[in-house]
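Results of the structural survey
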Amino acid sequence: MTSTATNGSRPTAIEVRGLVKNYDQVKAVRGVEFQVSTGEVFGFLGPNGAGKTTTINMLCTLVKPSAGTASVAGHDVVRERDDVRRNIGLVFQDPTLDGYLTAAQNLQLHAELYGVQSDLVKPRMEQVMSMVGLWDRKDSSVNTFSGGMRRRLEIARGLMHSPRVLFLDEPTIGLDPQTRRSIWTYIRELQHREQITIFMTTHYMDEAEWCDRIAIMDHGEIVALDAPETLKAQVGTDRVVIHTDDDDATIEALKDRFDVDARISEGAVTFSVAGGEQFVPRLFAELGIPIKAVNVARPTLDDVFMSYTGSTIRDAEEDAGRNRSRRMMQVMHGGGRR
């Protein structure tokens, strides 16, 4: 695993040591370790089912660890659950707003649950709703809000009690790219204004680029951890994607003639080489198989994920989906009985 150092000499907001979570025979989280600095935007990047949400649930005291230790805002997540909860905000992956209430009523209820001083509720509400561009809709029913507006309101609600750490579990899942970019603009603004630590999970590559540091997670383990640019620089190769009429023959020819290991990913033959643009003319001249299209790209976070795991995040999610379907079929037909 790459560097786990926190940014500069800032105090630690989250500290995790050997955190484990098992569900019967399933090892959901396998001894993860990391630290998050105060004021940092820290991201967990990985496919669905990698253990990101389970980890965030342990840090938010919603799930008890099977082993290991973790502290948030200086409080142990097992021994000091109430102290942790007072110091965190949480935006869940699934919507949790009451659609029949107004935006202001949703935030008012949250403030009461967290014991926010009554004379501070309205000014705080105006502050956080203005921050996400919704103050003019405070008296509107949430049922009239778009998906992006609801997400922004959930973020505002998570800030009502002035948490020291804000957890965002897949904060823009299901939203269009433009709305996702808009929400991230708000998130960065609130981080600057509120001076809080933000811990988020995502499987969107472009979203992870907004983080100060990211931990790449796969099969319950952290396989890499550093700043996005640092991780991409470590790859050191370009990704080449080619389309032909015979993918299997192309993969074999790449190995035989160029000693390049290729694979089929997202419907095309994909491989990594140093100096991709200089390699393409050789490819056309020597491959011996007609090439219909070629694309060369500088390293991305998906390339980082592939370099550590052997697959792209999309491929990993598709494999996980197939495995879940297979297990369901086994149970339905009696094959999953013990």
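Predicted, not measured: the structure shown is a model, and the values here were computed from it.

Attention now moves to the sheet that holds strand β2 (residues 26-37). Adjacent strands of a sheet pair through backbone hydrogen bonds, lying either parallel or antiparallel. Read across the open sheet, the four strands follow the order β2-β1-β4-β5; overall the sheet is antiparallel. The two strands at the open ends of the sheet, each matched to only one other strand, are β2 and β5 (75-76). By the bridge criterion, nine bridges tie strand β1 (residues 12-23) to β2 in an arrangement that is antiparallel. Note on β2: the bridge partner recorded for Glu 15 is Gln 35. Docked against the sheet, helix α1 (residues 52-59) engages β1, β2 and β4 (67-72), running at close to 120° with respect to β1.

Attention now goes to the layout of surface pockets. Computed from the structure, the second largest pocket encloses a volume of approximately 330 Å³. Around the second largest pocket sit 18 residues that line it, and Leu 90, Phe 92, His 110, Tyr 114 and Arg 157 are the ones nearest its centre. Breaking the lining of the second largest pocket down by element, the ones donating at least two residues are β6 (88-91), α3 (103-113) and α5 (147-159). Element by element, the count of residues in the lining of the second largest pocket is highest for α3, at four residues. By residue class, the composition of the lining of the second largest pocket is nine nonpolar, six polar and three charged.

All right, on to the sheet that holds strand β13 (residues 268-273) then. Pairing in this open sheet of four strands is antiparallel, and the strands run β12-β13-β11-β14 from one edge to the other. A single partner strand is all that each edge strand has here, and the edge strands are β12 (263-265) and β14 (291-297). When the angles between neighbouring strand axes are averaged without regard to direction, this sheet yields 35°. Pairing analysis gives three bridges linking β12 to β13, with the strands arranged antiparallel. Paired with Arg 263 across the two strands is Thr 270, which belongs to β13.

This part takes up α1. Counting buried residues in α1 gives seven out of eight residues, a clear majority hidden from the surface. Listed in full, the buried residues belonging to α1 are Lys 52, Thr 54, Thr 55, Ile 56, Asn 57, Met 58 and Leu 59.

Bringing the packing of aromatic side chains into the picture now. Scanning all chains against the criterion turns up 10 aromatic pairs. Consider the rings of Phe 34 and Phe 44, whose centres lie 5.3 Å apart with planes at 65°: the pair is edge-to-face. Residue Phe 34 is found in strand β2, and its partner Phe 44 is found in strand β3 (residues 41-45); the two are separated by 10 residues along the sequence. Across the pair, Phe 44 and Phe 34 agree in class, each one buried. When the ring of Phe 42 is compared with that of Phe 199, the centres are 5.4 Å apart and the planes differ by 35°; the resulting orientation is tilted.

Along its 12 residues, helix α9 (residues 247-258) runs 16 Å from first to last C-alpha, staying within 8% of the 16 Å computed at 1.5 Å per residue. Of the residues making up α9, those classed as buried are Thr 250, Ala 253, Leu 254 and Phe 258. Mapping the buried residues of α9 onto a view down its axis gives an arc of 105°, with all of them on the same face. Those residues of α9 that are exposed and angled more than 90 degrees off the buried face are Asp 248, Glu 252 and Asp 256. Looking at the buried residues of α9, the elements they touch are β11 (238-244), β13 and α10 (276-286). Near the N-terminus of α9, the side chain that reaches the backbone nitrogen of Asp 248, with its oxygen 3.4 Å away, is that of Asp 246. The positive-phi residue at the C-terminal boundary of α9 is Asp 259, with phi of around 55°.

Moving on: the pairing of β11. Extensive coverage of β11 is indicated by the burial of six of its seven residues. Here five bridges tie β11 to β13, and the two strands are oriented antiparallel to one another. Counterpart to Arg 239 in the pairing with β13 is Ser 272. The sheet contact formed by β11 and β14 spans six bridges and is antiparallel. Looking at the pairing, Val 241 lines up with Asn 295 of β14.

Here is what the cut-offs are and how they apply
Residues numbered from 1 in each chain as written. Predicted model: local features only at pLDDT ≥ 70, side-chain atom pairs only at ≥ 80, totals over all residues. Heavy atoms only, no water. Pairing = 2+ DSSP bridges. Helix = DSSP H or I, 4+ residues; strand = E, 2+ residues; numbered from the N terminus. Contact = heavy atoms within 4.5 Å. Axes fitted to C-alpha atoms, helices over the stretch in contact; angles between N-to-C directions. 1 Å grid on protein atoms, 1.4 Å probe; cavity = no way out; pocket = protein on both sides within 12 Å on 5 of 7 lines; lining within 4 Å. Points joined across faces, edges and corners; volume = space filled by probe spheres on them. Nonpolar A, V, L, I, M, F, W, Y, C, P; charged D, E, K, R; others polar. Buried < 20%, exposed > 50% of the residue type's maximum accessible area, 1.4 Å probe, protein only. Phe/Tyr/Trp six-rings, centres within 6.5 Å; stacked < 30°, edge-to-face > 60°. Expected span 1.5 Å × (residues − 1). Arc of directions from axis to C-beta. Polar contact = N/O pair within 3.5 Å; in protein donor to acceptor, adjacent residues only side chain to side chain.

No statement about biological role is implied by the geometric values presented.
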